[in-house]
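Chain by chain, the residues:
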Amino acid sequence: MQILSLIRDRFEKALTGLVVDPASHTQRITVARDSRHGDYQANIAMSLKAEMGLPPQQIAAEIVARLQIDDICLPPEIAGPGFINLKLRDDFLATQVTLSATDSRFGVEAIVPRRYVIDYSAPNVAKPMHVGHIRSTVIGDALVRILRFLGHRVVSDNHLGDWGTQFGMIIYGYKNFVNENGFAENPVAELSRLYRLVQQVIGYQDAYPKLAKAEAAVLDAQQLYQAANAKAASDPKAKAGAKQAAKSLRAAEELLESLQQKVSAIESEPALEAIAQNHQNLEQKVQFETAKLHAGDTTNLELWNKFLPISISEIDSVYRRLNINFDYTYGESFYHEMLEPLVSKLVVAGMAVESEGATCIFLPGFEAPMIVRKRDGAFLYATTDLATIEYRMQHFQPDVILYVVDHRQGEHFSKLFAAAKAIGYENVDLQHISFGTVLGSDGKPFKTRSGSVIGLEYLLDEAVDRAYQAVCDPQRLQKAGLNMPEEEKRHIANTVGLGAIKFADLSHNRTSDYEFNTEKMVQLEGNTSAYIQYMYARAQSIMKKSDSQISRESVAGYSVIFAESAERDLVLQLLQFEDALHQSVEAYYPSVLASYLYSVAKQFAVFFDQCPVLIASTEQLKRSRLAICFSTSEVLRLGLSLLGIGTVDRM
RNA sequence: GCACCCAUAGCUCAACUGGAUAGAGCAUCGGUCUACGGAACCGAAGGUUAGAGGUUCGAAUCCUCUUGGGUGUACCA
């Protein structure tokens, strides 16, 4: 039962014959922001002033007169400049909540399905996963779950980076620097070491020749800065120039510092320095290995086949912990054979042309073209992405393809989507579900103090450890009267810790950057999953203690009554579950569902505080409150599960 | 240089996409309860929504400019 759409339907009927396009106005009916204005509000009349040429209050009165809604609401009230305020009838709320509680989907109805392909997570194989991979993975997974629950047909696809330069790096690294014993003992760690080693040396070789120039640039910038400052002192108009100069100076200094870091990382270790000396132009050598792999070189292909499962098993272990599954994992390599024919086809059709030796698609509105084949004949990720669209259209016939990828690739996707349209894919809705950066507490991209990235597994471990300490603190458990075996404690810590990481991510508006702070997110108070999980556990505990056996089958016999306002407030929120789901996928913001669940949990805490259940004044009231506990549990458990977060019966 | 994004309470974030007195959580201060597990509940304080104009019944939200930050920018992904 979607209350909002029910109300909108009634308004649409009332507006029919009154205005030109009734449906377009009903979007302006929303949950009341302030409960003093009722439960829902319609902000329609004001915007109809121009169309109807009447004062908004009069329009509102007209609408209300035509509105048939008394089976759901109390008589509507008109307020302020023409708001129509609605308050739902108590008997309606009571009936609906019982009805929902008897349903395993809490009354959420399946809708006309659309076909979705959701492209998310997409880590680079052979590079260790880090905190940056959390967002795509967790947001994508939540969208898959919610859309599926609503009845859509969803294909989840992990577009693994399994064919890129990083393989050239570990192939070269393996051929030249492998520690055989280390590889035999722990291949994942050894590959990761090789990757870092090669990356460091390339970084060094790239940075070293630039050092002198960067030093000079800093000196120049300093001079310019001083000159500009001197000028600004006498001439206020030159102030902007001085600021600009300060900015340039800072940029030059930062560049120099990062170069120096790369250089000293190698020079501080003689072994690394020797490698750098003995393997000049490593970047080109690595590119050569990559090119050989792409060309089908037997040795490199064998190595690729050897390394791939190793890296994938590591990634899979992260997915297993996070309980994330994909329908398909078609990595870049999967599309490899399709690139050449695709580019040829585009060239023949005249859609791709040669420019400066590269094969390009020029797109109106973009300065630079989309390059689909490099001068040296190699293909790029743009090529793969186009081939991927083609493949998905042929095999999945989606109405929508969502790319859950960080915002820095915004321009790439605008180009890709324009190109896809240009080559004939006009009937698919392509959307870049972009998200912000994960920051450290210094407001900069999340890294260790020394600048290296932190492994994802480590962060998961940390969250679980902290959760264990907080939730399974012996004193706390004793005070709560909870006696549990070690195994259960670990299970709880796992559910709470991993939930905390997911929830911290999902509760933020995806387009904002957010600060990653394990300490805070597992602090287990405030806007965290632990708080919600805790409220769920408390509701479970009450039901367990009652002698009546409430269940989905029996709850129909527990009619709901409102003795306190806390009960009505909670029930109203529970019935907005379906609205929250629809709203969260409307523009693909899982954060809408996350904050809905938090406010339900908070509302339950109020109910819990003010409405004794087991010792309620009458048996009827006790049964009503049990039904409310049951319904709350259902919504919290279901809702969290749609975010990929679990619950436990006690914690 | 050009393009896109951002700036909201001391801190971390919301604000249903133009609605009524901008809300939560931390932190601070004060209060409640011999009720179902004190990770509880209630209250106070905290804001010229970076600044200046504009659009209209109405702006944190849309437009213009200014300031400060981030990101991307022809052969990496």
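The rules behind each value
- Residues numbered from 1 in each chain as written.
- Chains lettered and ligands numbered in written order.
- Predicted model: local features only at pLDDT ≥ 70, side-chain atom pairs only at ≥ 80, totals over all residues.
- Heavy atoms only, no water.
- Near = heavy atom within 4 Å.
- Polar contact = N/O pair within 3.5 Å; in protein donor to acceptor, adjacent residues only side chain to side chain.
- Helix = DSSP H or I, 4+ residues; strand = E, 2+ residues; numbered from the N terminus.
- Nonpolar A, V, L, I, M, F, W, Y, C, P; charged D, E, K, R; others polar.
- 1 Å grid on protein atoms, 1.4 Å probe; cavity = no way out; pocket = protein on both sides within 12 Å on 5 of 7 lines; lining within 4 Å.
- Points joined across faces, edges and corners; volume = space filled by probe spheres on them.
- Domains from an automatic or database assignment.
- Pairing = 2+ DSSP bridges.
- Axes fitted to C-alpha atoms, helices over the stretch in contact; angles between N-to-C directions.
- Contact = heavy atoms within 4.5 Å.
- Salt bridge = Lys/Arg side-chain N within 4 Å of Asp/Glu carboxyl O.
- Buried < 20%, exposed > 50% of the residue type's maximum accessible area, 1.4 Å probe, protein only.
- Phe/Tyr/Trp six-rings, centres within 6.5 Å; stacked < 30°, edge-to-face > 60°.

Topic: the protein's contact with RNA strand B
Thought 1: Around RNA strand B sit 69 residues, and of these Lys-243, Glu-332, Lys-374, Arg-476 and Lys-545 come closest.
Thought 2: Interatomic distance of 2.5 Å between a side-chain N/O atom of Tyr-381 and a base nitrogen of RNA strand B.
Thought 3: One of the backbone N or O atoms of Pro-612 is found 3.3 Å from a base nitrogen in RNA strand B.
Thought 4: Of all the elements in the fold, those that place two or more residues in the surface near RNA strand B are β1 (29-31), β4 (83-86), α11 (239-267), β8 (358-361), β13 (514-515), α22 (529-545) and α25 (590-610).
Thought 5: Its residues placed into classes, the surface near RNA strand B shows 30 nonpolar, 16 polar and 23 charged.

Digging into empty space enclosed by the protein
Thought 1: For the structure shown, the criterion picks out two cavities of 30 Å³ or more.
Thought 2: Of the pockets and cavities examined, the largest cavity occupies roughly 60 Å³.
Thought 3: Surrounding the largest cavity, Ala-126, Lys-127, Pro-128, Val-188, Leu-191, Ser-192, Ser-311 and Glu-314 form its lining.
Thought 4: Among the elements that make up the lining of the largest cavity, the one with the highest residue count is helix α9 (residues 187-207) (three residues).
Thought 5: Residues of the lining of the largest cavity, tallied by class, amount to four nonpolar, two polar and two charged.
Thought 6: For the second largest cavity, the calculated volume is near 40 Å³.
Thought 7: Taken together, Met-1, Ser-100, Phe-106, Gly-107, Val-108, Leu-574, Leu-575, Phe-577 and Glu-578 form the lining of the second largest cavity.
Thought 8: Of the residues belonging to the lining of the second largest cavity, the class tally is six nonpolar, two polar and one charged.

Some details on the domain arrangement of chain A
Thought 1: Each domain of chain A was delimited in the assignment, giving domain 1 (3-87) and domain 2 (165-306).
Thought 2: Distance from the C-alpha centre of domain 1 to the C-alpha centre of domain 2: 62 Å.

Considerations on the sheet that holds strand β7 (residues 353-355)
Adjacent strands of a sheet form backbone hydrogen bonds with each other and so pair up, either parallel or antiparallel.
Thought 1: With antiparallel pairing, the three strands of this open sheet are ordered in space as β7-β8-β9. Across the chains shown, the open sheet's two edge strands, defined by having one partner strand only, are β7 and β9 (370-373). Put simply, the sheet's adjacent strands are angled 50° from each other on average, direction ignored.
Thought 2: Where β8 and β9 come together, three bridges link them in antiparallel fashion. Within β9, the position partnered with Thr-359 by the bridge is Arg-373.
Thought 3: Here helix α16 (residues 381-396) sits on the sheet and contacts β8 and β9; the angle it forms with β9, its principal contact strand, is near 85°.

A look at the pattern of salt bridges
Thought 1: Following the criterion strictly, the structure yields 28 salt bridges and no others.
Thought 2: The salt bridge involving Arg-193 is made with Glu-190; its shortest N-O contact spans 2.9 Å. Taken together, the residues Arg-193 and Glu-190, both in helix α9 and three residues apart, mark about one turn of the helix.
Thought 3: Overlapping salt bridges, with partners in common, bring together Asp-39, Asp-90 and Arg-568 in one network.

Concerning unusual backbone geometry
Negative phi is the rule for most residues except glycine; trans is the rule for most peptide bonds.
Thought 1: Its identity is not glycine, yet Phe-106 carries a phi of approximately 50°, on the positive side.
Thought 2: Inspection of the secondary structure assignment puts Phe-106 in the loop between α5 (90-101) and β5 (115-119).
Thought 3: For Phe-106, a relative accessible area of 4% translates into the label buried.
Thought 4: Backbone geometry at Ala-122 places phi at a positive 40°, although glycine is not the residue there.
Thought 5: By secondary structure assignment, the location of Ala-122 is in the loop between β5 and α6 (132-149).

Comments concerning the packing of aromatic side chains
Thought 1: Applying the stated criterion across every chain, the model contains 27 aromatic pairs.
Thought 2: Aromatic pair Tyr-391 and Phe-396: ring centres 6.3 Å apart, planes at 80°, arrangement edge-to-face.
Thought 3: With relative accessibility at 10%, the residue Tyr-391 sits in the buried group.
Thought 4: Here Phe-396 falls in the buried class, since its relative accessible area comes to 10%.
Thought 5: An angle of 40° between the planes, with centres 6.1 Å apart, marks the rings of Phe-604 and Phe-608 as tilted. Remark: Phe-608 and Phe-604 occur in helix α25; sequence separation between them is four residues, near one turn of the helix.
Thought 6: The exposure class assigned to Phe-604 is buried, which follows from its relative accessible area of 0%.

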